[in-house]
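What follows is each chain in one-letter form.
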There are 2 protein chains.
Amino acid sequence: MAKGTIRLADVAKAAGVSQGTASNVFSRPDVVREEVREHVLETAKRLGYAGPSLTGRLLRAGKVNAIGVAAVEPLAYFFDDPWARALLAAVSQVCDASGTGLALVSAKDRQKLDWNIKSALVDGFILLCVEGGEKLVQLTRERQLPFVALALNDDDPSIASISVDNLGGAAIAARHLAELGHRRFGVLATELSDDHVGPVGIAEIERAIYSTSRDRALGYWQALEAFGIRREDVPIYETINDKPSVEAGLELLFSVPEPPTAILAMSDNIALLAINWLRARGLSVPQDVSVIGFDGVPEGGMVEPGLTTMAQPFAEIARRAVKAVLEDAVPTEREMIEVTLVVRGSTAPPR
Amino acid sequence: MAKGTIRLADVAKAAGVSQGTASNVFSRPDVVREEVREHVLETAKRLGYAGPSLTGRLLRAGKVNAIGVAAVEPLAYFFDDPWARALLAAVSQVCDASGTGLALVSAKDRQKLDWNIKSALVDGFILLCVEGGEKLVQLTRERQLPFVALALNDDDPSIASISVDNLGGAAIAARHLAELGHRRFGVLATELSDDHVGPVGIAEIERAIYSTSRDRALGYWQALEAFGIRREDVPIYETINDKPSVEAGLELLFSVPEPPTAILAMSDNIALLAINWLRARGLSVPQDVSVIGFDGVPEGGMVEPGLTTMAQPFAEIARRAVKAVLEDAVPTEREMIEVTLVVRGSTAPPR
DNA sequence: GCGTAGGATTGAACCGATTCAAGAAAGCAA
DNA sequence: TTGCTTTCTTGAATCGGTTCAATCCTACGC
């Protein structure tokens, strides 16, 4: 690095033109006479000028041309969790197309998250509200930048958000299995409330704090009741979306005389873990047990058998979210997006 | 958004203090009398001041407090490729700890990449040079920011880089299998040169443009020759690290009368694909065929059987890279890091 | 030869903060 | 009361560009 970094003003002086002209050479080359332009560029190169500093420029312009994606999770979450990954890949794609930068901001501990959000150089945020959504929304609000919440577990209508139709999607999933002839189900739920794992009853579902999980449960019930299956007869086990809790749940669900012939998993992650457990247990999927997931992550299509699931239109979600943030045209109402049933090899009629 | 956004100056005026004092209230609260401080904060809140604007602040400070990770790939690469993911997760961790932001910059097409690199608001770059490394290095150089290249396929000593000991690691991998008693090997290589897939001979290896792949091949050879296995007798198939090319390679390797009893895969990704193919083909791993990977991505530990591999110390690599970039203390020489053999279930003595 | 249209260039204001030398007020000792 | 600290606060300079109104040329028409 040259010691005293070269500024635009230095180049201008060395080239014998005004700073205004020098600036034009870089940001509006068409307006300056070719002769002069070449001379200035020449001088710049000779001096080793690195081009207009972004900070100076953006101070003037006020736009960073980047958006931040935030979550109340360690940063590694973005690369580990299949859902987050699928979503980010989609967001990336959209950003790529529009030449927008992407910054990852997150932290598990509140203080750091606060600071990270405050200091992220972005024009707006996409919030991944899987957990601790309100905290995130609140922090982001203070920043006074446009933002849109994804997968928000909160019914506050003043928060711009895009979510999928959890209730409707879950209903379709359950109906799919019921129509195949299944009558004995087991549900593996994503988080309903903080710090709880284990079997849950109807009352717990109804007062769940995470609406995503709650709505999916309600959707399952709704569809199954149309087939004469009472909600009391559908065991639900709350997991925290990880291997140990999912396996504990399966252990319980399959410890009864008449175990389920179909598993309703509230996430593909859970579904994939379930399939592994079932096979290790000597049960074949889908012959012995059918499994349906929720989310539609790419991994679901790459295993054998393929995972039947309710697919979120990640590309569409990403497109809308990025657009909303960039144009500061956050939806005034909560937007709802449909999920679609993708049938692969993990579901079939019961034996 | 309030129309005329509120500036620090506005708050200062409204509170009846100088701008300097107002600034201190936010950035050095201890220096201003409590009474005044509270009054200013109060006024700020009343006016809806969002806190010191970052752009103004950073213009002054010159530091963005963020680093960029760049690759010549579509942005989604960061979330799809296991190696990139593992590395980024590690980088995330380090950044998290030091309160540094993380920006992803990339593009497959050169023009966009150029622009993205030029306009990324970061203090420095970590370059993922899996492919098109020189291009990336060149572009980044122009930006005149500190950077360090990872997995660089180039021997130019003027480029600060951190790489793993590909030759030594590969030798350990091959030795591990040879010591188990294997004598018939097949190699599934990562890219050796652009736009080529298929079996390769000794000459192609020696003039490969990607030194990572070349060195791994050399390492395999070196170790195997110590066991009396000639390089001519080790078939090598070049893939592009994806499913179709890996399967084509396996198809070929196993189409001979005496197929290999051990597969040397130059990436875990390839190894995992290989294991799937072998099983689908009715061959059990490790009983019929042993497979060893390279990289040590987390997925390798989560499958059944676990993948034996040469693990890169991702955390260490990330730590050094981030440190180098942040402190503008890029290694003057090319740093080399050792990889370690992690033995899991995918390797065993031959039948 | 004069007036003028037109484009190229200049110079200064401005973006929104931080910083620091210097000034003001308050406290305390003599 | 004067002198000397100590503690805050002020005002102006600064960071590195962009922008725009004003000015300067040049060439062209009459």
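Residue numbers here run from 1 along each chain, matching the order of that chain's written sequence. Written order determines the labels here, with chains lettered from A and ligands numbered from 1. This being a predicted model, a pLDDT of at least 70 is required before a residue's local features are given, and a value of 80 or more before pairs of side-chain atoms are given or counted; all residues contribute to the totals for chains, interfaces and linings. To get the side-chain values, take all heavy atoms of the structure and skip hydrogens and water.

Caption draft 1: Representation of the interface of chain A and chain B. Contacts were defined at the residue level, with two residues in contact if any of their heavy atoms lie within 4.5 Å. Contact with chain A, which involves 37 residues of that partner, is made by 36 residues of chain B. Buried area counts how much accessible surface, traced with a 1.4 Å probe, disappears from two parts once they are put together, with both parts' losses summed. Summed over both partners, the interface of chain A with chain B comes to about 3,400 Å²; 64% of that surface belongs to carbon and sulfur atoms. By definition, a salt bridge exists where a carboxyl oxygen of Asp or Glu is found within 4 Å of a side-chain nitrogen of Lys or Arg. The interface formed by chain A and chain B includes zero salt bridges. Here a polar contact is recorded for every N or O atom pair within 3.5 Å, except that within protein the pair must consist of a potential hydrogen donor and a potential acceptor, and residues adjacent in sequence are included only if both atoms are side-chain atoms. Joining chain A to chain B, the criterion identifies four residue pairs in polar contact (both at pLDDT 80 or more). To qualify as a helix, a DSSP run of H or I must reach at least 4 residues; to qualify as a strand, a run of E must reach at least 2; elements of each kind are numbered from the N terminus. Counting residues per element, the ones that place at least two in the side of chain A that touches chain B are helix H4 (54-61), helix H5 (77-80), helix H6 (82-98), strand S2 (101-106) and helix H7 (110-119) of chain A. The element contributing the most residues to the side of chain A that touches chain B is H6(A), with seven residues. Two strands qualify as a pair provided that DSSP identifies no fewer than 2 bridges between them. Judged from the three bridges that link them, S2(A) and strand S2 (residues 101-106) of chain B form a sheet pairing that is antiparallel. Across the sheet, the residue bridging to Leu104(A) is Leu102(B), located in S2(B).

Caption draft 2: Main features of the sheet that holds strand S12 (residues 335-337) of chain B. With mixed pairing, twelve strands are arranged side by side in an open sheet as S12(A)-S5(A)-S4(A)-S3(A)-S1(A)-S2(A)-S2(B)-S1(B)-S3(B)-S4(B)-S5(B)-S12(B). With partners counted over all chains shown, the strands left at the sheet margins are strand S12 (335-337) of chain A together with S12 of chain B, one partner each. The mean inter-strand angle of the sheet, taken between neighbouring strand axes irrespective of direction, is 20°. When strand S3 (residues 125-128) of chain A meets strand S4 (residues 147-150) of chain A, the two strands line up parallel, connected through four bridges. The residue of S4(A) that forms the bridge with Leu127(A) is Ala149(A). Fitting a line to C-alpha atoms yields each axis, with helices limited to the stretch in contact; the angle taken between N-to-C directions then spans 0 to 180 degrees. Contacts between helix H15 (residues 314-326) of chain B and the sheet are confined to strand S1 (66-71), strand S3 (125-128), strand S4 (147-150), strand S5 (161-164) and S12 of chain B, with S4(B) contributing the most and set at about 155° to the helix.

Caption draft 3: Just the UniProt feature "domain: HTH lacI-type" (unreviewed entry) in chain A, in detail. Those places that UniProt annotates as "domain: HTH lacI-type" (unreviewed entry) correspond, in this numbering, to residues 6-61 of chain A. Secondary structure within residues 6-61 of chain A divides into 70% helix and 0% strand; the distance between the first and last C-alpha atoms comes to 21 Å. UniProt positions are given in the numbering used here, feature names are shortened, and annotations may be inferred rather than shown by experiment.

Caption draft 4: Summary view of the pairing of strand S9 (residues 262-265) of chain A. Residue and element names in this part refer to chain A. For the exposure calls, accessible area comes from a 1.4 Å probe over protein chains only, and a residue counts as buried if that area is under 20% of its type's maximum, exposed if over 50%, partly exposed in between. The side-chain alternation of S9 yields two buried faces, one formed by Ala262 and Leu264 and the other by Ile263 and Ala265. Examined bridge by bridge, strand S6 (residues 185-189) and S9 share four bridges and lie parallel to one another. Within S9, the position partnered with Gly186 by the bridge is Ile263. One ladder, built from three bridges, connects S9 with strand S10 (residues 290-292); its direction is parallel. When the sheet's bridge partners are listed, Ala262 is paired in S10 with Ser290. By convention a crossover is right-handed if, when the strands point away from the viewer, the path from the first strand over the helix to the second runs clockwise. Of the crossover connections in this fold, the one passing from S9 over helix H13 (residues 268-280) to the parallel S10 is right-handed.

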